[in-house]
Amino acid sequence: MKYLVMVQGSQADYDAQAGKGSADSPAWDEKAVQEMFAHMGSINDDLAESGELVTAYGLTEPAQGRAVSLDAEGRPVVSDGPYSETKELLAGFWILECESLERVTEIAARVARCPQPAGAPEYPVLIRTVGGGID
């Protein structure tokens, strides 16, 4: 079974990781950023070794993205990020092939233990089963 494991964040979190803290997310120093990358890298290495990793990506800050919708006449309406409609958004993901929901839950718990500065917001790690695709 394939699972999508998602980590969440906000523009404030990306800003904080770049050293620009706010009331919503304290500034990260270089050591904290390196600890986060080391933690995620260790997870990726272990999942690749176990054969469970299909793919994984971190996403760039939402300010570099766009939202595309349609107006009443069906014409595209493009909005630049960050997106005011929501505070939390997808920050990165893994596609994993695991034997059970229990196993992917163990992995998500490890992801949730990612080190971060005191006072940084904590988000749940989300798990979704991947349905039929075009493999």
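Scoring rules and cut-offs
Residues numbered from 1 in each chain as written. Predicted model: local features only at pLDDT ≥ 70, side-chain atom pairs only at ≥ 80, totals over all residues. Heavy atoms only, no water. UniProt positions renumbered as here; feature names shortened; annotations may be inferred. Pairing = 2+ DSSP bridges. Helix = DSSP H or I, 4+ residues; strand = E, 2+ residues; numbered from the N terminus. Axes fitted to C-alpha atoms, helices over the stretch in contact; angles between N-to-C directions. Contact = heavy atoms within 4.5 Å. Expected span 1.5 Å × (residues − 1). Buried < 20%, exposed > 50% of the residue type's maximum accessible area, 1.4 Å probe, protein only. Arc of directions from axis to C-beta. Polar contact = N/O pair within 3.5 Å; in protein donor to acceptor, adjacent residues only side chain to side chain. Core = buried A, V, L, I, M, F, W, Y, C linked by side-chain atoms within 4.5 Å. Parallel < 35°, antiparallel > 145°, perpendicular 65-115°, else oblique. Nonpolar A, V, L, I, M, F, W, Y, C, P; charged D, E, K, R; others polar.

The protein is annotated in an unreviewed UniProt entry as YciI family protein of Streptomyces cyaneofuscatus. Its UniProt record, at the heading Sequence similarities (unreviewed entry), says of the protein: "Belongs to the YciI family."

Draft legend 1. Structural detail: the sheet that holds strand β2 (residues 53–58). Read across the open sheet, the 4 strands follow the order β2-β5-β1-β6; overall the sheet is antiparallel. Both outer strands of the open sheet, β2 and β6 (126–129), are each paired with one neighbouring strand and no more. Here the strands of the sheet are splayed against their neighbours by 20° on average, with no regard to which way each runs. The pairing of β2 with strand β5 (residues 89–97) spans 5 bridges and is classified as antiparallel. Bridging from a neighbouring strand, Leu53 pairs with Leu96 of β5. Where helix α2 (residues 30–50) meets the sheet, it contacts β2 and β5, and its direction lies at approximately 20° from that of β5.

Draft legend 2. Quick look at α2. Along its 21 residues, α2 runs 30 Å from first to last C-alpha, staying within 8% of the 30 Å computed at 1.5 Å per residue. Turning to α2, its buried residues number three or more, namely Ala32, Val33, Met36, His39, Met40, Ile43 and Leu47. Buried residues in α2, looked at end-on, bunch into an arc of 130°, giving them a common side. In α2, the exposed positions angled more than 90 degrees off the buried face are occupied by Glu30, Lys31, Phe37, Asp45 and Glu49. On its buried side, α2 packs onto α1 (11–17), β2, β5 and α3 (101–112). Where α2 ends, the next residue or the one after it, Gly51, has phi of about 85°, a positive value.

Draft legend 3. Looking closely at the side chain of Asp13. Note on placement: Asp13 falls in helix α1. A polar side-chain atom of Asp13 sits 2.9 Å from the main-chain amide nitrogen of Ser10. Other than its neighbours up to four places away in sequence, Asp13 contacts Ser25, Pro121 and Tyr123.

Draft legend 4. Layout of the side chain of Ser25. Structurally, the position occupied by Ser25 is in the loop between α1 and α2. Of the polar contacts made by the side chain of Ser25, one reaches the side chain of Asp13; its length is 3.0 Å. Residues contacting Ser25, with those up to four places away along its chain left out, are Ala12, Asp13, Ala16 and Pro121.

Draft legend 5. The arrangement of the nonpolar core in detail. If you look at the biggest cluster of nonpolar residues, it comprises 22 residues, and the most contacted ones within it are Val5, Trp94, Leu96 and Val111. Secondary structure elements with two or more residues in this core: β1 (2–9), α1, α2, β5 and α3. Residues within four places of Val111 in sequence aside, it is in contact with Val7, His39, Met40, Ile43, Trp94 and Val125.

Draft legend 6. Quick look at the packing of α2 against α3. Running from amino to carboxyl end, α2 crosses α3 at an angle of 155°, the nearest separation of the two axes being 10 Å. It follows from the interaxial angle that α2 and α3 lie roughly antiparallel. Between α2, through His39, Met40, Ser42, Ile43, Asp46 and Leu47, and α3, the contact on the second element is made entirely by Arg103, Ile107, Arg110 and Val111. For the contact of α2 with α3, the class distribution of residues is 5 nonpolar, 2 polar and 3 charged.

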